[in-house]
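Now for the letters of each chain:
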Amino acid sequence: MELNEIEDDIEAFLVESYENLNQIEGDIIELEKTSDDGEALVRIYRSLHTLKGNCGFLPFPNLESLAHAGENLLSCLRDRTIAITPDIISTLIQTVDSIRQILSQIQATKHDGDRDYSALIVALTRLSETKQTPKPSQSPVNTQTPQKDTAASESVEALNQELTEISTTTSESAYIRVNVNLLDQMMNLVGELVLARNQVIGFSTKFKDKSFAATCQHLNLLTTELQERVMKTRLQPISSIWQKFPRVTRDLAIASGKEVEVEMEGAETELDKSIIETIKDPLTHLLRNCIDHGIELPAERVACGKPSVGRLFLRAFHESGKVNIEIGDDGRGLNLERLKGRAQQLGLVNAVQAATMSESEAMNLIFLSGFSTAEQVTHLSGRGVGMDIVKSNIEKINGTVEIQSQQGQGTTFKIKIPLTLAIIPALIVSSGGNYYAIPQASLQELVRLEALNSIEILYDVPVYRLRGNLVPLVYLNEVLQQDCVSNLETLSLVIVQVDNYRFGLVVDTIEDIQDIVVKPLGRQLKALSLFAGATVLGDGTVALIIDVVALANRTGITAEQKQLLSENAVNSQEQAGDRQTILLFEGPQGARMGIPLAIASRLEEILASAVEKVANQDVLQFYGQILPLIDLHKIFSDSDRLNNETLATVAETLQIIIVSPYSELSVGLVVDRILDIVEEPLTIKGIPSRPGVLFCAVIQGQITEILDIETVIRIANPHLLQLATHG
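Rules used throughout
Residues numbered from 1 in each chain as written. Predicted model: local features only at pLDDT ≥ 70, side-chain atom pairs only at ≥ 80, totals over all residues. Heavy atoms only, no water. Pairing = 2+ DSSP bridges. Helix = DSSP H or I, 4+ residues; strand = E, 2+ residues; numbered from the N terminus. Axes fitted to C-alpha atoms, helices over the stretch in contact; angles between N-to-C directions. Phe/Tyr/Trp six-rings, centres within 6.5 Å; stacked < 30°, edge-to-face > 60°. Buried < 20%, exposed > 50% of the residue type's maximum accessible area, 1.4 Å probe, protein only. Lys NZ or Arg CZ within 6 Å of the ring centre and 35° of its normal. Salt bridge = Lys/Arg side-chain N within 4 Å of Asp/Glu carboxyl O. Core = buried A, V, L, I, M, F, W, Y, C linked by side-chain atoms within 4.5 Å. Contact = heavy atoms within 4.5 Å.

Remarks on the sheet that holds strand β21 (residues 600-607)
No. 1: Strand order in the open sheet formed by six strands is β21-β25-β26-β24-β23-β22, with mixed pairing between adjacent strands. A single partner strand is all that each edge strand has here, and the edge strands are β21 and β22 (612-614). Strand-to-strand twist in this sheet, taken as the mean axis angle between neighbours without regard to direction, amounts to 40°.
No. 2: The sheet contact formed by strand β24 (residues 625-631) and strand β26 (residues 665-671) spans three bridges and is parallel. Looking at the pairing, D631 lines up with V670 of β26.

A word on the packing of aromatic side chains
No. 1: Per the counting criterion, the structure on display carries two aromatic pairs.
No. 2: Taking the centre distance of 6.2 Å and the plane angle of 10° together, the rings of Y436 and F531 count as stacked. Here the residue Y436 occupies a position in strand β9 (residues 434-439), and F531 occupies one in strand β17 (residues 531-536), the gap between them amounting to 95 residues.
No. 3: A relative accessible area of 4% means that Y436 is categorised as buried.
No. 4: Lying over the aromatic face of Y45, R78 brings its terminal NZ or CZ to 4.1 Å of the ring centre.

Description of the pattern of salt bridges
Any two side chains of opposite charge can pair, given that their charged atoms come close.
No. 1: Applying the stated criterion to the full structure yields 27 salt bridges.
No. 2: Its salt-bridge partner being D87, residue R126 comes within 4.0 Å of it at the nearest N-O pair. Note that R126 is positioned in helix α5 (residues 118-128) and D87 in helix α4 (residues 86-109), a separation of 39 residues in sequence.
No. 3: In this structure, E337 and K340 form a salt bridge, with 3.3 Å as the shortest nitrogen-oxygen distance. Of this pair, E337 and K340 are both found in helix α13 (residues 336-345), three residues apart, which corresponds to roughly one turn of the helix.
No. 4: Classification of E337 by relative accessible area gives exposed; the value is 55%.
No. 5: Since its relative accessible area comes to 12%, K340 is described here as buried.

So, the sheet that holds strand β20 (residues 592-596)
No. 1: Strand order in the open sheet made by the five strands is β27-β19-β20-β29-β28, with mixed pairing throughout. Bordering the open sheet on either side are β27 (673-680) and β28 (693-699), each of which pairs with just one other strand. If you compare each strand with its neighbour and ignore which way they point, the axes differ by 35° on average.
No. 2: As paired strands, strand β19 (residues 580-586) and β27 are joined by seven bridges and run antiparallel to one another. Within β27, the position partnered with Q580 by the bridge is E680.

So, the nonpolar core
No. 1: W242, I279, L283, I325 and I417 are the most contacted members of the largest nonpolar core, which has 46 residues in total.
No. 2: Looking at this core, the element that brings in the most residues is helix α11 (residues 273-294), giving eight residues.
No. 3: Those residues within four positions of W242 in sequence are excluded, and the remaining contacts are M264, E265, G266, A267, L283, L314, R315, A316 and I325.
No. 4: Listed in part, the 39 residues of the second largest apolar core include L58, L77, I106 and Y117.

Put into structure tokens, the structure is as follows:
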């Protein structure tokens, strides 16, 4: 056999062996909870049998001997000739750890090493030989018959085992293993195709040719679908990380003298492999934190009226194009006064800051570098590292982490991360004659300032009062040491979110939102911490991708300034009263309408030619989904559109607001024009003017109809609501 073929065989062997080992480890932990789980025993036996059998084709005698000894013990457990004991569970876990050591050795050297595992093999053999002696039968029988029956039984059992393995192999024939490097190359090619697509669409806007525009739109749809399909090949279920957590939880609980059970929900939730690798350590840090700091000792829990066994839960789900991960416990929760006192003791905040900070700011103290509530260093905690690393690693992939905690009831960490980092929507802006991209995940809103005297200086920081809240301003051209080429009469602000505060980025022009392909920076540019990568725009221009967190740190928006600004904003909010953020738009017949911004997930401008009609419903192929469209002109009886078959004949482009009244339902509202986003007290000023309107309010001095989204959808297509509420 050629050397390359042997290396390929070893690589395939390692991939399958690690999969089997992870399955074995998870099943052993489950077996420890419910010793009568016969299916788990069978799965462990099969996986170990497969691993041992694969060793026969490769020169790994140490691994084969250890797996064989473990298989013998599992065979006895499966046949119920011996009972499961804590000693057996511990020995099986030790076997898993030893097999993992050998696999690591094989991965590094292509050999299974010469480490001595004879003591463990002897222990496995001793446990498997403690069989219960079967009681002799009372009936006189031929002594030859049982031997034949036993031989036949063993033969049938072996045949059944082979048939089971063949059946399993056949059921997996619909899948093939593909090298990750090949998937990366495909993703790069799709990225180049997306860039070419953007260039072609850019050309289509210069030529008023309907056939060319239709072809470009078809290319756009095909490219988007191909992009979605290739991205799905890189997706992995989050269970690839979570399957290790029951073992980690068990070991940590034993080490800390606690009792903990793990609940998992949404383990099938998928996200990009590169993100899986990035979040593995942060999630492990959070899990350790919940066990070490959150869950109490059994005696303490019982004294508080809680069960002695602590509850650790993990949830994952998709929402609004992002992956949401929650890790929490039912432990003691965060003591905010203790956190603030400890932060002062460590010199991280002063007494004034501690006294004026909000609950969320107090909770976020645990993310400060060097912060720890542990009085002494242990093998679990107290080193002042961990939670700050969690936060920084999640922010590196454009994610966010939030804390919810109630003293005495528990703490939950909520993480939001993108599905993939390869192709992302971003806002294109210009400064100093160059183009830059800002990831849409960081965007809050866009503001155009007509009067420069609205900019104030507070504590040496330029700020703008945005609906009563003070927003610090950062001039991008000053940060990049560029000449200012913006119109002095107006300013373009990009409001971005960082942690629990936001700031306005002043740019020369705001271009458009488009899907960009993230290209890593070369070695020569790695030192430019302000940028997370680069992309190529439709006209071939290179645009650098701004790292919003790094920009905030670079521009001197320090913790003291953030505290002063947030304190001022809190005072402004208290004076403002109960406000709501409203998205304003122009509807049929020039009517001024609005909806709560909370239910609007996205604003889009699309080509009218992209709208299709299915039965009587206008739809749009949108990021791999079929999005129903609702034309407000048809809802509010504008006769000009009632006779049109589709929206494609209304205009060349359409402005749509994507709303999600339910997690299972998203629709696009076709409006005439997006007007503004305002924050004002939403009080009822008048009764509903017509069906589909919740009430009328005076906003910015003008009568505005606040829409009832559910009624609008019911008027347009009641079947959509039925699917959302019952599906």
